[in-house]
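Chain and residue survey
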Amino acid sequence: MIVSTSKVLYWMINYMPQWEAVSKEVDSLRQRLQGTIDGSLVSLNSKERGLRLRGPEKRIPLPYGLLLYPLLKPYAARFEVNHLFASGGERVLTPIISQHNGVLTIAKDTGLRQFERNRESLLRLRAIVVQGERDREVLLQLGVRKETICLIRPGIPIAPYRKAEEPFTILFASSPLTATDFLSRGIYLIIRVAALLPEVRFLLVWRKRYLEKLERIVSREGVGNVTIQSGLIGDMGAVYDNVHATVLPGLEHRSFIPCPRSGLESLAHGKPLLVSNLVSIASTVARSRAGVAFEPSTDSLKAAILQLQGDYSTYQANTQQYLEDNFSPSTHLELYRRLYQRVG
């Protein structure tokens, strides 16, 4: 059984809790399980240059991480559990943790080819945590034992609901990580639909990266009902309070992480979702009537927006109950606590 001195080492690539949802989840686990685990962190960073090797948080910029790679294996051996948050296709750190009581949480988007390339490492892990049914089915098809796979969804606390004022406003808060992800994330789809629904306002919360490209797209289409809010937002809660819904318009299964944080936080604030049927949570959201699922096409998204507007009070009333039923913070922590007990 794990006691307070048990050591868990978390592994990530690009740990950025100020920006990124998966980093926030790791940060929450480390803080809220204090007293049950002693949680340390190693992050290999392609987006930060600073090298930090002292203390419980070690941050190693790439490509230095490759030079230090031989030292990572003996460091991993010091811990009772090595827990990696990554995609199912991650091939740098997965082989290391698979030799030392490795746990992988598939918290990043993963293509089927990535899964298959990484099959041998996946089979060696002590446990694989999935956040949605699709990834569990993929792992079972690859031959991962059923007992190895755990379904643990992120824990999202409920926030007070505040009614938004008109005009009807739809939020998009999942800006792409690369310049070639605009199509996959549904940016062009949003702009096309905005042109067809001039009475609806679209708010795009955006990292500063690729802002000029977004501004060119909006300018070229000549849409006046699209507002861009860029940079680090100090109070995202206020943003959710002032919108009516959040859209997740992915064109591929891998367009978003398995449990997109902007969608979950929208539900926490009582704001329904417009979610592409290729996003992992689409079927449960639609079944619970906490939002409207649509095919990632112009006509389908337009129809979904009109459907949500036409029966808004019904969808809004189901949002927070859906979140409580599926993304309870206490359940999230308890399931991980039990997992560490079993693996360690």
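So, a few notes on the structure that sits alongside this text. What you see is a predicted model; the values in this text were computed from it and never measured.

Bringing the overall build of the protein chain into the picture now. A tally of helices and strands in the protein chain yields 16 helices and 13 strands. Rg of the C-alpha trace for the protein chain: 20 Å, near the compact-globule value of 20 Å for 344 residues, within the 12% margin. With respect to the principal axes defined by its C-alpha atoms, the protein chain has extents near 60 × 40 × 40 Å. Counting over 344 residues, the protein chain shows a buried share of 53%. A separation threshold of at least 6 residues defines the contact pool for the protein chain, and within that pool the share at least 24 residues apart is 66%.

Here we take up the packing of aromatic side chains. Applying the stated rule across the entire model yields nine aromatic pairs. For the ring pair Phe168 and Tyr312, a centre distance of 5.8 Å and an interplane angle of 90 degrees mean the geometry is edge-to-face. In this pair, Phe168 is assigned in the loop between β7 (149-151) and β8 (169-172) and Tyr312 in helix α15 (residues 312-326), connecting sequence segments 144 residues apart. The residues Phe168 and Tyr312 share a single accessibility class, namely buried. Counting every residue linked through ring pairs, the aromatic cluster contains Tyr10, Phe85, Tyr336 and Tyr340. Lying across the ring of Phe327, Arg153 places its NZ or CZ 6.0 Å from the centre. Here the basic side chain of Lys213 rests over the ring of Phe182, its NZ or CZ set 4.3 Å away from the ring centre.

Now for the packing of helix α12 (residues 261-268) against α15. Axis separation between α12 and α15 bottoms out at 8 Å; the angle between their running directions is 120 degrees. Residues Leu264, Leu267 and Ala268 of α12 lie in contact with α15, whose contacting residues are Thr319, Gln320, Tyr322 and Leu323. Of the residues belonging to the contact of α12 with α15, the class tally is five nonpolar, two polar and no charged.

This paragraph deals with the pairing of strand β6 (residues 127-130). By the alternation rule, side chains of β6 split into Ala127 and Val129 and Ile128 and Val130, which are all buried. Direction of pairing for strand β5 (residues 102-106) relative to β6: parallel, over a ladder of four bridges. Its bridge partner being in β6, Leu104 is matched across the sheet by Ile128. Two elements, β6 and β7, share three bridges in a ladder whose sense is parallel. Looking at the pairing, Val130 lines up with Leu151 of β7.

Those residues of helix α3 (residues 69-76) that sit buried are Leu72, Tyr75 and Ala76. Down the axis, α3 shows its buried residues gathered within 95 degrees of arc, on one side only. In α3, those exposed residues whose orientation departs by more than 90 degrees from the buried face are Pro70 and Leu71.

In this section: the sheet that holds β5. Strand order across the open sheet formed by seven strands is β3-β2-β1-β4-β5-β6-β7, with parallel pairing between neighbours. Because the sheet does not close on itself, it has two edges, and the strands there are β3 (57-61) and β7. Taking the axes of each pair of neighbouring strands and ignoring which way they run, one obtains an average angle of 20 degrees across the sheet. Of the strands in this sheet, β1 (7-13), β2 (38-45), β3 and β4 (81-86) touch α3, which is tilted by about 150 degrees from β1.

Bringing the packing of helix α9 (residues 187-196) against helix α14 (residues 298-310) into the picture now. For the pair α9 and α14, the least separation of the axes is 9 Å and the interaxial angle reads 60 degrees. Between α9 and α14, the interaxial angle falls into the category oblique. The handedness of the crossing between α9 and α14 is right-handed. Taken together, the residues of α14 that come into contact with α9 (itself represented by Leu189, Arg192, Val193 and Leu196) are Thr298, Leu301, Lys302 and Ile305. Classifying every residue of the contact of α9 with α14 by side-chain character gives five nonpolar, one polar and two charged.

To continue, consider the sheet that holds strand β9 (residues 201-206). Strand order in the open sheet formed by six strands is β10-β9-β8-β11-β12-β13, and the pairing between neighbours is parallel. Edge positions in the open sheet fall to β10 (226-230) and β13 (291-294), since each of these has one partner strand only. Sheet twist, expressed as the mean angle between neighbouring strand axes with direction ignored, is 25 degrees. Relative to strand β12 (residues 273-276), strand β11 (residues 245-248) runs parallel, the two being bridged by three bridges.

Structurally, the position occupied by Asp135 is in helix α7 (residues 133-142). Ignoring anything within four residues of it in the chain, the contact list for Asp135 reads Ile106, Phe115, Val130 and Pro258.

Look at the link from Glu166 to Pro167: it is a cis peptide, with omega at 10 degrees. The residue Pro167 is located in the loop between β7 and β8 in this model. A positive phi is found at Asn101, a non-glycine position, where the angle reads about 50 degrees. Tracing the backbone through its elements, the reader meets Asn101 in the loop between α4 (94-97) and β5. Among the residues examined, Asn101 registers a relative accessible area of 25% and is labelled partly exposed. One non-glycine residue, Tyr210, adopts positive backbone phi at about 65 degrees. Looking at the secondary structure, you find Tyr210 in the loop between β9 and α10 (211-221).

Here is what the cut-offs are and how they apply
Residues numbered from 1 in each chain as written. Predicted model: local features only at pLDDT ≥ 70, side-chain atom pairs only at ≥ 80, totals over all residues. Heavy atoms only, no water. Helix = DSSP H or I, 4+ residues; strand = E, 2+ residues; numbered from the N terminus. Rg over C-alpha atoms; globule rule 2.2 N^0.38 Å. Buried < 20%, exposed > 50% of the residue type's maximum accessible area, 1.4 Å probe, protein only. Contact = heavy atoms within 4.5 Å. Phe/Tyr/Trp six-rings, centres within 6.5 Å; stacked < 30°, edge-to-face > 60°. Lys NZ or Arg CZ within 6 Å of the ring centre and 35° of its normal. Axes fitted to C-alpha atoms, helices over the stretch in contact; angles between N-to-C directions. Nonpolar A, V, L, I, M, F, W, Y, C, P; charged D, E, K, R; others polar. Pairing = 2+ DSSP bridges. Arc of directions from axis to C-beta. Parallel < 35°, antiparallel > 145°, perpendicular 65-115°, else oblique. Left-handed = near helix turned anticlockwise from the far one by under 90°.

Just geometry here; none of it tells us what the structure is for.
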